[in-house]
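Spelled out, the chains give:
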Amino acid sequence: MQTPIRNGASKSILIADGIRASSLRTPHKTAITESSRSLTYRQLIDRIDRVSNLAHAGWGLRHGDRAALMMRNRLEYMELVCGLSSAGVAVATIGPASAMPEVRFLCEDAGARVLFVDADLKDLAMASIPACVERVIVMGDEYEALLKNASNAILDVGVTENDIFSIPYTSGATGRPKGVMLSHRGRVLACYAMASEHGTYGPDDRAVATTPMFQRRKIGRRNLQGSSQILQCNTTEYINAQAIFRCNRSRLVSHPQRGFDIGRCVNEIASATDSS
C-alpha cells in the first residue's frame, strides 16, 4: 500500500507536500476555483502527482531540467508548477502577452525543454520557440488525455527543499529580463512568515488572486496551508459580486494592482456580508 506522504517530507518540505497534507486533512475542500471550474484538495494533489510522473515517463524530463509556461490564470497553472517542480523540473513563467522575441529569449535563457501554452497561444509559441524547446504541450484535450493515462503514484526522485520551485522573470526595465530562481525552501518559509506576522493564508482563509500568476512569486503559497484560492482570470476587470459573495464571512486576502479598486472591493465585501 502506498504511503500518503512523500519520502523525506518530514525533513525537506516541498510546496506540494503542504498541498498533500491539506488533501489528507480536508480532501473535499475546494482548493482552487477558476470561473465555473474548481478542484478539491484531493483532486489537485492527484493531478500534481500525475504531472510529476508525466514529466519523467511522458515528456522525457529529468531532475535538473527546465520547462516553461505561457498561459493566463487557470486551474492547470498550479498543478503544472507544483507537479513539475516536485519532479525536479524548475518552471520558467512567461507572460501570455509576450512578443515572439521575448518568448524566444526567455525559453532560451531558462533552457526550457518543454513549453506549456494556452490553445490560443499555440501559433505564437510554435513561431517563437528556440532549438532547446523539444515539445509544446497545449492545454485542452491533448493535455487532459496525457494526464488521464499517467500514474498518480508519488514520484521519488530525490527532490529537496533546496531545489528550484519556479523561475519568474523580472520586467527587464533596465536591461534584459532576469530569471529569479526561487527554491521550495524559500517559498515555504515565506508562507510561514506571512502566517506568523499577518495571520494570512490559513485553512479558514479564501484568497482572491487578482494578479497574473506568471509574474507572481506566490504560486502555491495560498494553498500550502489549506486556504481556498479564487483565480481572477481577467485581471483588467473588478472582482465580480459573485466572487465577493463567495468570500463573505471569511477573511479575504487580496493584492491591489493597476486598475483594481481595492476600496470598492472592500465596500462590496461589507455589503455582501451585511445582507447574508
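This is a predicted model, so every value here is computed, not measured.

1. What to know about the confidence of the model for the protein chain
Detailed reading of the predicted coordinates is not advisable wherever pLDDT falls low.
Consideration 1: For the protein chain, the mean per-residue pLDDT works out to 79, and 71% of the residues sit at or above 70.
Consideration 2: Within the protein chain, no element has a lower average pLDDT than strand β11 (residues 252–253), which sits at 42, and none a higher one than strand β5 (residues 112–117), at 97.
Consideration 3: Scored below 50 in pLDDT, residues 235–262 makes 63 contacts in the model with residues more than four places away or belonging to other chains.

2. Here's the deal with the packing of helix α3 (residues 75–86) against helix α6 (residues 141–148)
Consideration 1: One can describe the packing of α3 onto α6 by two numbers: an axis separation of 13 Å at closest approach and a directional angle of 45°. Comparing their axes, α6 and α3 come out oblique. The handedness of the crossing between α3 and α6 is left-handed. For the pair α3 and α6, the contacting residues are E76, E79 and L80 in the first and Y143, E144 and L147 in the second.
Consideration 2: When the residues that make up the contact of α3 with α6 are grouped by side-chain class, the tally is three nonpolar, no polar and three charged.

3. Side note on the pattern of salt bridges
Consideration 1: Using the criterion set out here, one finds 14 salt bridges in the structure.
Consideration 2: For R47, the salt bridge goes to E144, with nearest N and O atoms at 2.7 Å. Here the residue R47 occupies a position in helix α2 (residues 41–57), and E144 occupies one in helix α6, the gap between them amounting to 97 residues.
Consideration 3: Exposure remark for R47: the relative accessible area of 16% places this residue in the buried category.
Consideration 4: Here R72 and D120 are joined by a salt bridge, their closest N and O atoms 3.1 Å apart.

Conventions used here
- Residues numbered from 1 in each chain as written.
- Predicted model: local features only at pLDDT ≥ 70, side-chain atom pairs only at ≥ 80, totals over all residues.
- Heavy atoms only, no water.
- pLDDT = per-residue confidence, 0-100.
- Helix = DSSP H or I, 4+ residues; strand = E, 2+ residues; numbered from the N terminus.
- Contact = heavy atoms within 4.5 Å.
- Axes fitted to C-alpha atoms, helices over the stretch in contact; angles between N-to-C directions.
- Parallel < 35°, antiparallel > 145°, perpendicular 65-115°, else oblique.
- Left-handed = near helix turned anticlockwise from the far one by under 90°.
- Nonpolar A, V, L, I, M, F, W, Y, C, P; charged D, E, K, R; others polar.
- Salt bridge = Lys/Arg side-chain N within 4 Å of Asp/Glu carboxyl O.
- Buried < 20%, exposed > 50% of the residue type's maximum accessible area, 1.4 Å probe, protein only.

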